[in-house]
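One-letter residues, chain by chain:
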Amino acid sequence: MIIKFREDANRQDIDFLREHLLTLGFEVHETIGDTYTIFSIIGDTTRFDANSLYAFKFVETVVRIQEPYKKVSRKYKPTDTIVDVAGVKIGGNNVVIIGGPCAVETREQMDLIASLIKTAGARILRAGAYKPRTSPYSFQGLEQKGLLLLSEVRKKYHLPVVSEILSAADIPLFLDSVDMIQVGARNMQNYALLKELGKIKLPILLKRGLSNTIEEWLMSAEYIVSGGNENVVLCERGIRTFESSTRSTLDISAIPVIKKISHLPIIVDPSHASGSWEYVASLSQAAIAAGADGLLIEVHPEPEKALSDGQQSLKPDRFADLVIRCRSIAEAIDRTLI
Ligand code: PEP
Ligand code: MN
């Protein structure tokens with residue numbers, strides 16, 4: 001970390017800050033220039049709030065050199081993390097397709113979708129039992145009954161399942177019925193929830209918040225990993241921009257950026273990113289080509305009748321077609337769609 005003093009900082013100010021930093025356990029190197037004095041701070045600044053230094057009126061600029069996250073960083077662990085979801089390995093050379101309806105609706109719906117997506121090549125089933133809807137009057141999910149239906153199809157089709165959690169109080173229920181827990185975009189910065197998820201071992205699918213930077217997203221992952229749960233998969237699901245032709249804007253750049261700075265796997269959700277079934281295939285192909293470790297795609301046998309997100313859900317035959325295309329793209333870049 002580098003600290004630049006204001007031009008009018010005097011010797012007393014400079015020595016005062018040095019004492020403060022030494023008390024915090026840092027090594028301090030001073031450089032006196034013609035106009036400015038600069039401190040180079042050596043030590044682990046992960047736990048230090050660099051902005052707090054602006055409380056000293058003689059500090060002009062503070063520049064962090066070290067990232068604020070640690071355990072999710074590729075510097076900390078250079079090899080790719082591979083997350084095992086009940087035998088399905090996400091990360092490394094694998095490309096994994098996760099599919100399913102936005103919400104669990106009925107036993108018949110889940111049974112049909114599980115069978116169709118499995119035949120098409122999906123390795124994990126995703127469906128929401130607890131739905132974070134913008135309107136309190138919209139369908140909120142079948143809740144506990146939904147988790148029960150999920151665990152039924154999981155057993156019948158030997159398909160690992162993932163579902164979204166809204167409250168830490170529900171963790172015991174989820175541990176009994178799913179193989180992976182999704183943290184939705186709206187809860188990416190629910191730190192109380194993230195801390196509790198850090199105490200379990202079940203894999204976590206951490207979606208990027210609607211308007212969050214990659215650094216903020218990785219800080220959320222750091223909450224889970226630093227708590228002791230290293231099984232985190234990131235999910236890019238589009239961010240808010242000025243563009244209104246699509247529901248959100250899929251940040252394809254997030255894929256190579258995450259690959260460079262973190263060892264965690266990253267998958268892409270083109271359904272919520274675009275908000276329209278018509279764009280899902282193109283975005284899926286782009287995501288695989290850019291190096292994503294998998295896709296999360298909404299599929300419904302009758303999208304017109306879906307209780308949520310029907311407009312962005314693929315019919316099963318389109319989903320099957322998309323898996324075939326994505327397999328070719330994965331092969332072209334020497335990866336395996338498992
Ligand atoms: C979902 O996956 O159904 C969902 C609500 O997504 P997001 O949290 O990305 O909006
Ligand atoms: Mn949805």
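Keep in mind that what you see is a predicted model, and the values were worked out from it rather than measured.

Asks: Looking at this structure, I do not really get the overall build of the protein. What am I missing?
Replies: For the protein, the count of helices and strands is ten helices and 15 strands. Over its C-alpha atoms, taken along the principal directions, the protein stretches across nearly 75 × 45 × 40 Å. Split into buried and exposed, the 338 residues of the protein put 51% on the buried side. Here the contacts in the protein between residues at least 6 apart in sequence split such that 66% fall between residues at least 24 apart. Summing over all exposed atoms, the protein offers an accessible surface of approximately 15,400 Å²; the carbon and sulfur share of this is 53%. In the protein, 40 positive and 42 negative side-chain charges are present, and the distance between their average locations comes to 4 Å.

Asks: Explain the site of ligand 1 here, please?
Replies: Lining the immediate surroundings of ligand 1 are C102, R126, K131, E164, Q182, G184, A185, R186, K207, R237, H272 and E298. Here an oxygen atom of ligand 1 and a backbone polar atom of A185 are 2.8 Å apart. For ligand 1, whose accessible area on its own is 290 Å², the fraction buried by protein is 97%. Its residues assigned to classes, the shell around ligand 1 shows two nonpolar, three polar and seven charged.

Asks: How should the domain arrangement of the protein be read in this particular structure?
Replies: Many structure descriptions define interface size as the accessible area lost when the parts assemble. According to the domain assignment, the protein contains domain 1 (2–63) and domain 2 (83–337). Between the C-alpha centres of domain 1 and domain 2 there is a distance of 44 Å.

Asks: What should I look at first to understand the nonpolar core in this one?
Replies: Across soluble globular proteins, nonpolar side chains show a tendency to be buried alongside one another. Of all hydrophobic cores here, the largest spans 66 residues; its most connected members are L125, L206, L234 and F319. For this core, the leading source of residues is helix α6 (residues 214–226), giving six residues. Ignoring anything within four residues of it in the chain, the contact list for L206 reads V183, M188, L194, W217, S220, A221, I224, V232, V233, L234 and C235. Formed by 18 residues, the second largest nonpolar core is a distinct cluster that contains V28, I41, F58 and V59.

Asks: What is the right way to read the environment of V280 from this model?
Replies: Following the sequence through the fold, V280 ends up in helix α9 (residues 277–289). Along the chain, V280 and K70 lie 210 residues apart, while their C-alpha atoms are 34 Å from each other. Ignoring any residue separated from it by four or fewer positions in sequence, one finds V280 in contact with P270, S271, S274, I297, Q312, L314 and L322.

Asks: What is the right way to look at helix α3 (residues 144–157) in this model?
Replies: For the α-helix, the turn length of 3.6 residues means that residues three or four positions removed from each other point alike. Spanning 14 residues, α3 covers 20 Å between terminal C-alpha atoms, matching the ideal 20 Å at 1.5 Å per step. The complete set of buried residues in α3 reads G146, L147, L149, L150, S151, V153 and Y157. Just downstream of α3, H158 is the residue with a positive phi angle, here 50 degrees.

Asks: Looking at this structure, how should I read the sheet that holds strand β1 (residues 2–5)?
Replies: Sheet architecture is open: four strands sit in the order β2-β3-β1-β4, paired in antiparallel fashion. Among the strands making up the open sheet, the edge pair consists of β2 (27–32) and β4 (59–63). Going from strand to strand, the sheet's axes swing by 20 degrees on average, the running direction of each strand aside. As judged from the three bridges shared by β1 and strand β3 (residues 37–42), these two strands associate in the antiparallel manner. Looking at β3, one finds that K4 is bridged to I38. Packed onto the sheet, helix α1 (residues 11–23) meets β1, β2, β3 and β4 and runs at close to 160 degrees relative to β2.

Asks: So what exactly am I meant to see when it comes to the pairing of strand β14 (residues 294–298) here?
Replies: Two faces make up the sheet, and in a regular strand the side chains alternate between them. Burial of β14 is extensive: five of the five residues sit out of reach of the surface. Burial of β14 is two-sided: the residues G294, L296 and E298 facing one way and the residues L295 and I297 facing the other way are all buried. Pairing analysis gives five bridges linking strand β7 (residues 94–100) to β14, with the strands arranged parallel. Bridging from a neighbouring strand, V96 pairs with G294 of β14.

The rules behind these values
- Residues numbered from 1 in each chain as written.
- Chains lettered and ligands numbered in written order.
- Predicted model: local features only at pLDDT ≥ 70, side-chain atom pairs only at ≥ 80, totals over all residues.
- Heavy atoms only, no water.
- Helix = DSSP H or I, 4+ residues; strand = E, 2+ residues; numbered from the N terminus.
- Buried < 20%, exposed > 50% of the residue type's maximum accessible area, 1.4 Å probe, protein only.
- Contact = heavy atoms within 4.5 Å.
- Areas by Shrake-Rupley, 256 points an atom, 1.4 Å probe, with all protein chains shown as cover.
- Lys, Arg positive; Asp, Glu negative; His and termini not counted.
- Charge placed at Lys NZ, Arg CZ, Asp CG, Glu CD.
- Near = heavy atom within 4 Å.
- Polar contact = N/O pair within 3.5 Å; in protein donor to acceptor, adjacent residues only side chain to side chain.
- Nonpolar A, V, L, I, M, F, W, Y, C, P; charged D, E, K, R; others polar.
- Domains from an automatic or database assignment.
- Core = buried A, V, L, I, M, F, W, Y, C linked by side-chain atoms within 4.5 Å.
- Expected span 1.5 Å × (residues − 1).
- Pairing = 2+ DSSP bridges.
- Axes fitted to C-alpha atoms, helices over the stretch in contact; angles between N-to-C directions.

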